[in-house]
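Architecture at a glance
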Amino acid sequence: MTALTTMTFFERFEADILANKKTITIRDESERNYEPGTIVHVSTFEDGREFCHLEILSVKPILFDELSDFHAEQENMSLPVLKEVIQEIYPGIKQLYVISYKLVD
């Protein structure tokens, strides 16, 4: 299993990431292979425009039903909105991964 070195986000999250308001991302199993301590190139999902670098801090498994207000706060949204967004991207998913990161200059 090779550590991933790139990450994409929907454009609507770019400003929150750059302002350090969004400090985690919640992904499915296909994107769990990030290695803590590595720096990843970050671009927009829509057009592949690179906009920053992030250092991966941790990757932790979580069940959808275990998502809390704490996770929502780190995503800079409410818990109902967070759960709705995840269901839109990963319909019916149960197993997820919380990837914590920090912005790197």
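Up top you'll find the structure we're talking about.
Residues numbered from 1 in each chain as written. Predicted model: local features only at pLDDT ≥ 70, side-chain atom pairs only at ≥ 80, totals over all residues. Heavy atoms only, no water.

1. Side note on the overall build of the protein
Counting its secondary structure elements, the protein contains 3 helices and 5 strands. Reading the protein from its N end, one meets helices and strands in the order β-α-β-β-β-α-α-β. Expressed along its principal axes, the backbone C-alpha trace of the protein runs to roughly 35 × 30 × 25 Å. A fraction of 71% describes how many contacts in the protein between residues 6 or more apart in sequence connect residues 24 or more apart. When the accessible area of the protein is evaluated, it comes to approximately 6000 Å², of which 53% is carbon and sulfur surface. Here the protein contributes 10 positive and 19 negative side-chain charges, whose respective centroids are spaced 3 Å apart. (Helix = DSSP H or I, 4+ residues; strand = E, 2+ residues; numbered from the N terminus. Contact = heavy atoms within 4.5 Å. Areas by Shrake-Rupley, 256 points an atom, 1.4 Å probe, with all protein chains shown as cover. Lys, Arg positive; Asp, Glu negative; His and termini not counted. Charge placed at Lys NZ, Arg CZ, Asp CG, Glu CD.)

2. Some remarks on the environment of glycine 37
By secondary structure assignment, the location of glycine 37 is in the loop between strand E2 (24-27) and strand E3 (39-44). In the structure, glycine 37 is positioned 17 residues away from leucine 54 in sequence and 9.7 Å away in space, judged by C-alpha atoms. Every residue in contact with glycine 37, bar those within four places of it in the chain, is listed here: Glu55 and Ile56.

3. Considerations on the packing of aromatic side chains
Per the stated rule, a full pass over the model turns up 2 aromatic pairs. Taking 6.0 Å as the distance between ring centres and 65° as the angle between the ring planes, the aromatic pair formed by phenylalanine 9 and tyrosine 101 counts as edge-to-face. In this pair, phenylalanine 9 sits in strand E1 (residues 6-9) while tyrosine 101 sits in strand E5 (residues 95-104), placing the two residues 92 residues apart along the sequence. Of the two residues, phenylalanine 9 and tyrosine 101, both sit in the buried class. (Phe/Tyr/Trp six-rings, centres within 6.5 Å; stacked < 30°, edge-to-face > 60°. Buried < 20%, exposed > 50% of the residue type's maximum accessible area, 1.4 Å probe, protein only.)

4. Let's talk about the pattern of salt bridges
Under the counting rule described, the total for this entry stands at 5 salt bridges. Among the ionic pairs, arginine 49 bridges to glutamate 14, the shortest N-O distance being 2.8 Å. You can see arginine 49 sitting in the loop between E3 and strand E4 (50-63) and its partner glutamate 14 sitting in helix H1 (residues 14-18), a full 35 residues away along the chain. Linking arginine 27 and glutamate 31 is a salt bridge whose minimum nitrogen-to-oxygen distance equals 2.7 Å. Taken individually, arginine 27 and glutamate 31 each receive the classification buried, so the pair is uniform in this respect. (Salt bridge = Lys/Arg side-chain N within 4 Å of Asp/Glu carboxyl O.)

5. A closer look at the layout of surface pockets
Volume-wise, the largest pocket comes out at about 270 Å³. Lining the largest pocket we find 17 residues, and of these Phe10, Thr25, Arg27, Ile89 and Tyr90 sit closest to its centre. Elements supplying a minimum of two residues to the lining of the largest pocket: E1, E2 and helix H3 (79-89). When residues in the lining of the largest pocket are grouped by element, the largest group, 4 residues, is from H3. (1 Å grid on protein atoms, 1.4 Å probe; cavity = no way out; pocket = protein on both sides within 12 Å on 5 of 7 lines; lining within 4 Å. Points joined across faces, edges and corners; volume = space filled by probe spheres on them.)

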